[in-house]
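Working through the structure, step by step
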Amino acid sequence: MLAILLVGQLLYSVIGELQAPQNVRMEAVNMQYILKWDWDHRLLNYTVNFTAEYLFGDRRKSKIYKNDCYRIVETQCDFSHYFDYNLMYYVRVRTEGIDEVSPWQELQFCPDENAELGPPSAFGVQSRNTMLIVNITHPLTLDKSMSNIISLHYWLEYWKRLSPAQIHTLQLNRSYAILSQLEPWMVYCLRVRVFNTQYNKQSRFTESKCVETEGDGHTPIWQLPVLFLIVGIVILLFSYATYKAYSCMRHLCPPYEIPDSLQGFMSSGPQVLILIGDRREPFGELMQVIPVETTLPLHHMEQRDLNTEQGESDSGISSGQEGSDGSLRSTIAEQGENSCRL
């Protein structure tokens with residue numbers, strides 16, 4: 001590095017001027033134009049600046065340049081916003097030190113002739129049955145489409161992924177294409193580039209995309225075992241889920257069983273329940289349930305009581321006792337009627 005610095009200082013002392021930028025070039029793609037150059041910062045022990053200018057071709061004699069990049073430290077200058085695609089320009093750049101400047105390095109630039117044509121910005125492929133639908137996006141620069149500047153055509157290549165040597169080509173005058181009569185369930189790879197016949201330009205190819213075609217309405221033979229296997233697995237899973245759900249329901253809701261005390265009561269034959277208590281009491285009060293076996297109808301019991309009273313009357317029982325027996329019979333009759341109503 002010290003040797004390079006000494007050589008630079010020696011050249012500066014002999015020539016008396018700064019070294020100009022080297023390898024000046026315009027890198028232009030579509031409508032993006034960037035002037036670039038080389039500079040070895042090891043030549044001097046301080047930082048230098050650069051100035052880049054441009055001039056319309058029809059104003060060459062006037063020498064009126066416009067500054068686009070003034071005293072910058074970068075080694076490039078972007079002219080994309082100032083150049084028209086169909087005009088000619090002169091651009092130049094020089095090195096500027098503390099008190100001295102280098103000679104200008106100049107070149108002529110015509111975008112329509114010197115700018116490269118970029119590939120399509122993007123392209124998409126959709127599979128539909130045995131067809132592939134291709135949609136191409138025009139080359140874009142600064143949100144501007146090259147199709148608005150020049151006429152564009154497209155060159156499409158496609159091939160089977162299993163047979164990359166057998167390439168099929170298709171020239172397009174529009175930005176979409178339909179590839180039909182392809183083999184079903186086959187993977188095809190595609191790539192595309194753009195070209196212009198007026199300026200004899202063509203771009204590089206895009207990255208290839210591989211897409212599988214769909215069927216023609218018939219299921220291929222090799223997929224049948226897979227379908228049967230999937231259906232069998234689904235049936236097994238459904239059966240297992242149904243069994244687990246049934247087991248959980250039985251655990252959460254066991255079957256109702258009648259207590260042994262009620263079962264014995266229900267199996268002892270027909271019985272009559274007599275409720276002892278006031279029917280007007282509110283619901284929830286404790287009531288006693290007394291089972292009474294019915295052997296004779298109620299009117300037989302009343303007839304028997306009447307016969308007994310008549311025998312006692314004949315044997316000399318007082319009339320006061322007969323009154324009390326009559327009231328007893330009426331009470332029993334009322335309770336029998338109440339029990340029948342219940």
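As the structure is a prediction and not an experimental result, all values here were calculated from the model. (Residues numbered from 1 in each chain as written. Predicted model: local features only at pLDDT ≥ 70, side-chain atom pairs only at ≥ 80, totals over all residues. Heavy atoms only, no water.)

Some remarks on the side chain of Lys201
Put simply, the rule reads: Secondary structure counts use DSSP, requiring at least four H or I residues in a row for a helix and at least two E residues in a row for a strand, with both numbered from the N terminus. Polar contacts, as used here, are pairs of N or O atoms within 3.5 Å; protein pairs need one atom able to donate a hydrogen and one able to accept it. Residues neighboring in sequence count only if both atoms are side-chain atoms. Between two residues, a contact is recorded if the distance between any of their heavy atoms is within 4.5 Å.
Considering the arrangement of structural elements, one finds Lys201 in strand E16 (residues 201-202). A polar contact is formed between the side chain of Lys201 and the backbone oxygen of Asp112, at a distance of 2.8 Å. In this structure Lys201 touches Tyr85, Pro111, Asp112, Glu113, Ala115, Leu117, Phe195 and Asn196, once residues within four positions along its chain are discounted.

Points about unusual backbone geometry
To be explicit about the condition: Summary of the burial criterion: residues with accessible area below 20% of their type's maximum are buried, those above 50% are exposed, and those between are partly exposed, where the area comes from a 1.4 Å probe applied to protein chains only.
At Gln181, a residue that is not glycine, the phi angle is positive and equals roughly 55 degrees. Tracing the backbone shows Gln181 in the loop between strand E14 (176-179) and strand E15 (187-196). Of note in this structure, Asn200 is not a glycine but carries a positive phi near 55 degrees. Among the structural elements, Asn200 can be located in the loop between E15 and E16. The class for Asn200 is exposed, based on a relative accessible area of 71%.

Remarks on the packing of aromatic side chains
What counts is decided by this rule: Aromatic pairs are defined between Phe, Tyr and Trp rings, using the six-membered ring for Trp, whenever the two ring centres lie within 6.5 Å; interplanar angles under 30 degrees are classed as stacked, those over 60 as edge-to-face, and all others as tilted. Whether a charge sits over a ring depends on NZ of Lys or CZ of Arg being within 6 Å of the ring centre and within 35 degrees of the ring normal.
Inspection of the entire model under this criterion finds 13 aromatic pairs. Taking 5.5 Å as the distance between ring centres and 70 degrees as the angle between the ring planes, the aromatic pair formed by Tyr54 and Phe83 counts as edge-to-face. One end of the pair, Tyr54, is in strand E3 (residues 49-56); the other, Phe83, is in the loop between strand E5 (76-78) and strand E6 (89-96), with 29 residues separating them in the sequence. Taking the relative accessible area as the measure of exposure, Tyr54 reaches 6% and is therefore buried. In textbook terms, an aromatic cluster arises when at least three aromatic residues are bridged by ring pairs, as seen for Tyr33, Tyr54, Phe56, Phe79, Tyr82, Phe83, Tyr89 and Phe109. Arg174 extends its terminal NZ or CZ atom over the ring of Tyr176, reaching a point 5.0 Å from the ring centre. Residue placement shows Lys209 over the ring face of Phe123; its charged tip is 4.9 Å from the ring centre.

Side note on the nonpolar core
Heads up, the condition is: Put simply, buried Ala, Val, Leu, Ile, Met, Phe, Trp, Tyr and Cys residues joined by side-chain atoms within 4.5 Å make one nonpolar core.
Grouped together as the largest cluster of nonpolar side chains are 48 residues, with contacts concentrated most on Met26, Tyr33, Leu35, Phe79, Phe83 and Leu190. Per-element accounting of this core gives the leading share, four residues, to E15. Leaving out residues up to four positions away in the same chain, Leu190 has contacts with Phe123, Val125, Leu132, Val134, Leu156, Glu157, Tyr158, Leu179, Glu207, Ser208 and Lys209.

Some thoughts on the sheet that holds E14
Selection rule: Being paired, for any two strands, means DSSP has found at least two bridges between them. Only the stretch in contact is used when a helix axis is fitted, and all axes are lines through C-alpha atoms; the angle between N-to-C directions ranges over 0 to 180 degrees.
Strand order in the open sheet formed by three strands is E8-E9-E14, and the pairing between neighbours is antiparallel. Because the sheet does not close on itself, it has two edges, and the strands there are strand E8 (122-128) and E14. Here the average twist between neighbouring strands, direction ignored, is 15 degrees. Looking at chain direction, strand E9 (residues 131-137) and E14 are connected through four bridges and run antiparallel. Opposite Asn135, over in E14, you have Tyr176 as the bridge partner.

Describing the pattern of salt bridges
Inclusion rule: We count a salt bridge whenever a side-chain nitrogen from Lys or Arg sits within 4 Å of a carboxyl oxygen from Asp or Glu.
Tallying each qualifying case throughout the model produces nine salt bridges. When the shortest N-O distance is used, the salt bridge between Glu96 and Arg71 registers 2.7 Å. In this pair, Glu96 sits in strand E6 while Arg71 sits in strand E4 (residues 66-72), placing the two residues 25 residues apart along the sequence. Under the relative-accessibility criterion, Glu96 is labelled buried at 3%. Salt bridges sharing partners connect three or more residues here, namely Arg25, Glu27, Lys36 and Asp38.

Digging into the sheet that holds E4
The antiparallel open sheet is built from four strands, whose spatial order is E4-E3-E6-E7. A strand with exactly one partner marks an edge of an open sheet, and here the two such strands are E4 and strand E7 (105-109). The mean angle between the axes of side-by-side strands here comes to 15 degrees, regardless of whether they run parallel or antiparallel. Here E3 pairs with E6 via eight bridges, running antiparallel. Considered in E6, the bridge of Asn49 is made with Glu96.

Geometry only, nothing functional implied.
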